[in-house]
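Structure assessment
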Amino acid sequence: SIVAEYPICGLTFALDTLVSHEFGRNNTSDVLGLLLQRGILVNLAFAVPVCFLLTTYSYPVLSSIYGVELAVIASAFLRFTPLFLIPLVFFTAFSKFCANQMLPQIPMIAMVCGVVVTPVAQGMLIHLGVEGAMLGMAVAAWVQLLVVILLTFAKKETRQTFGTIR
């Protein structure tokens, strides 16, 4: 849903400025990891209530705008929004963390994995209807997140700049 994704992208763009500034100041600073962690927390503070609203109140709002028939379908799709949106929050923040350390290939590899997994997962789950389409997107989002985290920690430089969880 655009209502959820665009504000998260906007909030995460602040990481571009903060991480690139810190990287320019000290490219081995573990403050970069602290910025990543705080960026994730800020985005989660936005995403969790939005997920609650989308899963709880989408039907009454959508039925008043688009009618009952479309609202039933859209509400079924949005029911699983948290399973897609939560890994998206983490992935977007990790993407900024890596890209601003001159390592855009890390999130790019993860996105390619997502592009490969999405049609396979959706194809396997489409028998569930629109819910299966959203679940397929969620599977791909979790795969992307797993790949970006694994690659981030596999690389010595980003493992160092991540520091510790605080």
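As shown above, the structure is provided for reference.
Counting of residues starts from 1 at the beginning of each chain's written sequence and follows it residue by residue. Predicted model: local features are reported for residues with pLDDT of at least 70 only, side-chain atom pairs are reported and counted for 80 or more only, and whole-chain, interface and lining totals are derived from all residues. Excluded from the side-chain calculation are hydrogens and water; included are all heavy atoms of the structure.

Note on definitions: salt bridges are taken to be side-chain nitrogens of Lys or Arg within 4 Å of carboxyl oxygens of Asp or Glu. Under the defined criterion, the tally for this structure stands at 5 salt bridges. The salt bridge involving Arg 25 is made with Glu 22; its shortest N-O contact spans 2.5 Å. Here Glu 22 and Arg 25 lie together in helix α1 (residues 2-25), a separation of 3 residues that amounts to about one turn. For Glu 131, the salt bridge identified is with Arg 79, shortest N-O distance 3.5 Å. Pair noted here: Glu 131 is in helix α6 (residues 130-154) and Arg 79 is in the loop between α3 (68-78) and α4 (81-99), with a separation of 52 residues, a long-range link. Burial status follows relative accessibility: with a 1.4 Å probe on protein chains alone, a residue under 20% of its type maximum counts as buried, one over 50% as exposed, and anything between as partly exposed. Given a relative accessible area of 46%, Arg 79 falls into the partly exposed group. Every helix listed is a DSSP run of H or I at least four residues long, and every strand listed is a run of E at least two residues long, numbered separately from the N terminus.

Turning our attention to the nonpolar core. Within the largest apolar cluster, 36 residues are counted, with the highest numbers of intra-cluster contacts made by Leu 36, Ile 40, Phe 84, Leu 85, Phe 94, Phe 97 and Val 148. When contributions to this core are tallied by element, the ones reaching two or more residues are α1, α2 (31-66), α3, α4, α5 (105-125) and α6. Here the element with the most residues in this core is α2; it accounts for 10 residues. Ignoring sequence-local partners within four residues, the contact set of Phe 94 consists of Leu 36, Ile 40, Val 148, Ile 149, Thr 152, Phe 153 and Phe 162. Nonpolar cores are built from buried Ala, Val, Leu, Ile, Met, Phe, Trp, Tyr and Cys residues. Side-chain atoms within 4.5 Å join them into one set. The criterion used for residue contact is that any of the two residues' heavy atoms lie within 4.5 Å.

With that out of the way, let us pick up the packing of α2 against α3. Two elements in contact, α2 and α3, have axes separated by 8 Å at closest approach and are oriented at 160 degrees. One element, α2, and the other, α3, form an angle in the roughly antiparallel class. Between α2 and α3 lies a crossing whose hand is right-handed. Only Val 68, Leu 70, Ala 71, Val 72, Ala 74, Ser 75 and Leu 78 of α3 make contact with α2, whose side of the interface consists of Leu 54, Thr 55, Ser 58, Tyr 59, Leu 62, Ser 63 and Tyr 66. Here the term charged refers only to Asp, Glu, Lys and Arg, the term nonpolar to Ala, Val, Leu, Ile, Met, Phe, Trp, Tyr, Cys and Pro, and the term polar to all other amino acids, Gly among them. Along the lines of polarity and charge, the residues of the contact of α2 with α3 split into 10 nonpolar, 4 polar and no charged. To obtain an axis, a line is fitted to C-alpha atoms, over the contacting stretch when the element is a helix, and the angle between two such axes runs from 0 to 180 degrees between their N-to-C directions. Note on terminology: angles under 35 degrees are roughly parallel, angles over 145 are roughly antiparallel, angles of 65 to 115 are roughly perpendicular, and the others are oblique. Each crossing gets its handedness from the near helix: less than a right angle anticlockwise from the far helix is left-handed, clockwise is right-handed.

Before going further, it helps to examine the packing of α5 against α6. The interhelical angle for the contact between α5 and α6, taken along N-to-C directions, is 155 degrees, at an axis separation of 7 Å. It follows from the interaxial angle that α5 and α6 lie roughly antiparallel. In the crossing of α5 with α6, the sense of the turn from one axis to the other is right-handed. Residues that form the contact of α5 with α6 fall into these classes: 19 nonpolar, 7 polar and no charged.

Relative to the helices and strands, Met 102 is located in the loop between α4 and α5. Separated by 24 residues in the primary sequence, Met 102 and Ile 126 have C-alpha atoms spaced 38 Å apart.

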